[in-house]
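Structural overview for review
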There are 2 protein chains.
Amino acid sequence: PGKKVLIVYAHQEPKSFNGSLLKIAVEELTKQGCSVMVSDLYAMQFEPRATRNDIVGHLHNSEAFNYAVETWEAYKRGGLSKDLVEEQKKVQEADLLIFQFPLFWFSMPAILKGWMDRVLVQGFAYDLSKVYDGGLLQDKLSLFSFTTGGSKEKYAIRGDIRYLLWPMQHGIMHFCGVKVLEPHICYAPEHVSEENRKEMLAAWTQRLKTLWKEEPIDCSPEWYFK
Amino acid sequence: PGKKVLIVYAHQEPKSFNGSLLKIAVEELTKQGCSVMVSDLYAMQFEPRATRNDIVGHLHNSEAFNYAVETWEAYKRGGLSKDLVEEQKKVQEADLLIFQFPLFWFSMPAILKGWMDRVLVQGFAYDLSKVYDGGLLQDKLSLFSFTTGGSKEKYAIRGDIRYLLWPMQHGIMHFCGVKVLEPHICYAPEHVSEENRKEMLAAWTQRLKTLWKEEPIDCSPEWYFK
């Protein structure tokens, strides 16, 4: 109770299974007394492209545009565009970040990748040697909750689904110092029975009830690739 | 000679190191007698968001929007948006796809991920059980050429850089039946000497000279995670 949660949600359709998972999370966490913020990326028409428009006013070096350098400099002088500042405020306030999305090509949909690219700038999320356990977003938790098109068995044929979590969980969250909870994966909701879908939704509610007691995963390569 | 190459390029600045790598590839491949197409995503203001706008005319199911289903149906009836049809034509013609980009968060910049999400639709790039070695884009080659912010040593501290290639090379290209050449990685061009940068550019020219004699990598999990 009293915890703040930011759900970054990337699905176009409220009636989708992802939409149901979002609704459940908002309801259950609110019931627990958490304060829940939602960034509904498609509804916000969130901009995924990293461009010069992200910097208000003059550039540090207008001769050759370098996005990483320019956003770092702009962050320091308070010159990032309004949409980024708003997302950074939400991240700053949050104790827990939940990413809710359908897996697209073994990764996040581009609109969500754009949120990562643009919001988590140097100075805000990490800094020179402030990375991994020293990252600037320490004391926060994260959870990747996603649906897949293929079945669990299909993902297991060639390697392990954990392989594709490495760039997202380790490369982004762990890099910024954010602790990572076990991912929540709903396999192929479109290809199972209505009863199975209901079970999957119930399992998400159940998991959220004891979420705050969970231990983060050990973010070593072994967790992913044992 | 006579081969067709599509370079999908994702950098905002022509004067960048990525811009130089692009220029070298265009020049060297043209010199070899290849026909080179370039999709300069930022210059095209390429749309990375997967939305209803990608379908021209009526939806298959307007009650609940499902992007994968709608683009599949639209592809079959020739109802995808013009920008996607143009990219698909280029892919269809190409013998080799080169992706040139700066690594953002252990992956592609969102604008390039959006190209993958929107261009490689079902029916065009893969189909029901037509995946991996049976994928629809067989007889094509691909090559991921990218720059990093951190040094080679930094990437080696925690795991192997090959870990982050799995979703891109295996999850996307291999899934569509496209063969994968060794990636071309330029580590931290911004943090090395001018001489080192010149060596890196020369190495890219050198590699391109014998590119057509290269054997694709074996796309097994062992290549990535041995």
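Residues numbered from 1 in each chain as written. Chains lettered and ligands numbered in written order. Predicted model: local features only at pLDDT ≥ 70, side-chain atom pairs only at ≥ 80, totals over all residues. Heavy atoms only, no water.

Chain A is annotated in an unreviewed UniProt entry as Ribosyldihydronicotinamide dehydrogenase [quinone] of Pomatostomus ruficeps. What UniProt states about chain A under its Function (unreviewed entry) heading is, verbatim, "The enzyme apparently serves as a quinone reductase in connection with conjugation reactions of hydroquinones involved in detoxification pathways as well as in biosynthetic processes such as the vitamin K-dependent gamma-carboxylation of glutamate residues in prothrombin synthesis." According to the UniProt record, the Subcellular location (unreviewed entry) comment for chain A is "Cytoplasm". (UniProt positions renumbered as here; feature names shortened; annotations may be inferred.)

Per the counting criterion, the structure on display carries zero disulfides over all chains. Of all cysteine sulfurs, the one in C186(A) lies closest to C34(A), which takes part in no disulfide; the gap is 20 Å. (Disulfide = S-S within 2.5 Å.)

Our focus in this paragraph is empty space enclosed by the protein. One pass over the full model with this rule turns up one cavity of 30 Å³ or more. What the largest cavity holds in volume is close to 40 Å³. Every residue lining the largest cavity is listed: F106(A), S107(A), L164(A), P167(A), M168(A), F106(B), S107(B), L164(B), P167(B) and M168(B). Those elements giving two or more residues to the lining of the largest cavity turn out to be α6 (165–173) of chain A together with α6 (165–173) of chain B. Of the residues that constitute the lining of the largest cavity, the class distribution is eight nonpolar, two polar and no charged. (1 Å grid on protein atoms, 1.4 Å probe; cavity = no way out; pocket = protein on both sides within 12 Å on 5 of 7 lines; lining within 4 Å. Points joined across faces, edges and corners; volume = space filled by probe spheres on them. Helix = DSSP H or I, 4+ residues; strand = E, 2+ residues; numbered from the N terminus. Nonpolar A, V, L, I, M, F, W, Y, C, P; charged D, E, K, R; others polar.)

Bringing the packing of aromatic side chains into the picture now. In this description, a pair of aromatic rings is defined by centroid distance and the angle of the planes. Per the counting criterion, the structure on display carries 41 aromatic pairs over all chains. Residues Y155(B) and Y187(B) carry aromatic rings whose centres are separated by 6.2 Å and whose planes lie at 55° to one another, so their mutual orientation is tilted. On the criterion of sequence distance, the pair formed by Y155(B) in helix α5 (residues 152–157) and Y187(B) in the loop between β6 (184–186) and α7 (194–209) is long-range, its members being 32 residues apart. In this structure Y187(B) comes out as buried when scored by relative accessible area, which is 16%. Counting every residue linked through ring pairs, the aromatic cluster contains Y163(A), W166(A), W223(A), Y224(A), F225(A), Y163(B), W166(B), W223(B), Y224(B) and F225(B). The ring of W72(B) carries the charged tip of K76(B) above its face, separated from the ring centre by 4.3 Å. (Phe/Tyr/Trp six-rings, centres within 6.5 Å; stacked < 30°, edge-to-face > 60°. Buried < 20%, exposed > 50% of the residue type's maximum accessible area, 1.4 Å probe, protein only. Lys NZ or Arg CZ within 6 Å of the ring centre and 35° of its normal.)

Quoted interface sizes are often the accessible area lost when the parts come together. With 47 residues of chain A at the interface, the matching set in chain B holds 47 residues. Of the roughly 4000 Å² buried between chain A and chain B on both sides combined, carbon and sulfur atoms contribute 64%. The largest contributions to the chain A side of the interface with chain B come from R49(A), W105(A) and R158(A), which together make up 22% of the buried area. Applying the counting criterion to the chain A and chain B interface returns zero salt bridges. At the boundary of chain A and chain B, one finds 20 residue pairs in polar contact (both at pLDDT 80 or more). The greatest single-element share of the side of chain A that touches chain B, amounting to six residues, is contributed by helix α4 (residues 110–119) of chain A. For the side of chain A that touches chain B, the residue count by class is 27 nonpolar, eleven polar and nine charged. (Contact = heavy atoms within 4.5 Å. Buried area = accessible area lost by both parts, 1.4 Å probe. Salt bridge = Lys/Arg side-chain N within 4 Å of Asp/Glu carboxyl O. Polar contact = N/O pair within 3.5 Å; in protein donor to acceptor, adjacent residues only side chain to side chain.)

This part is about the confidence of the model for chain A. For any part of a model where pLDDT is low, the fine detail of the predicted coordinates should not be relied upon. Per-residue confidence for chain A gives a mean pLDDT of 97; residues scoring 70 or more make up 100%. Predicted complex, confidence summary: ipTM 0.97, pTM 0.98. (pLDDT = per-residue confidence, 0-100.)

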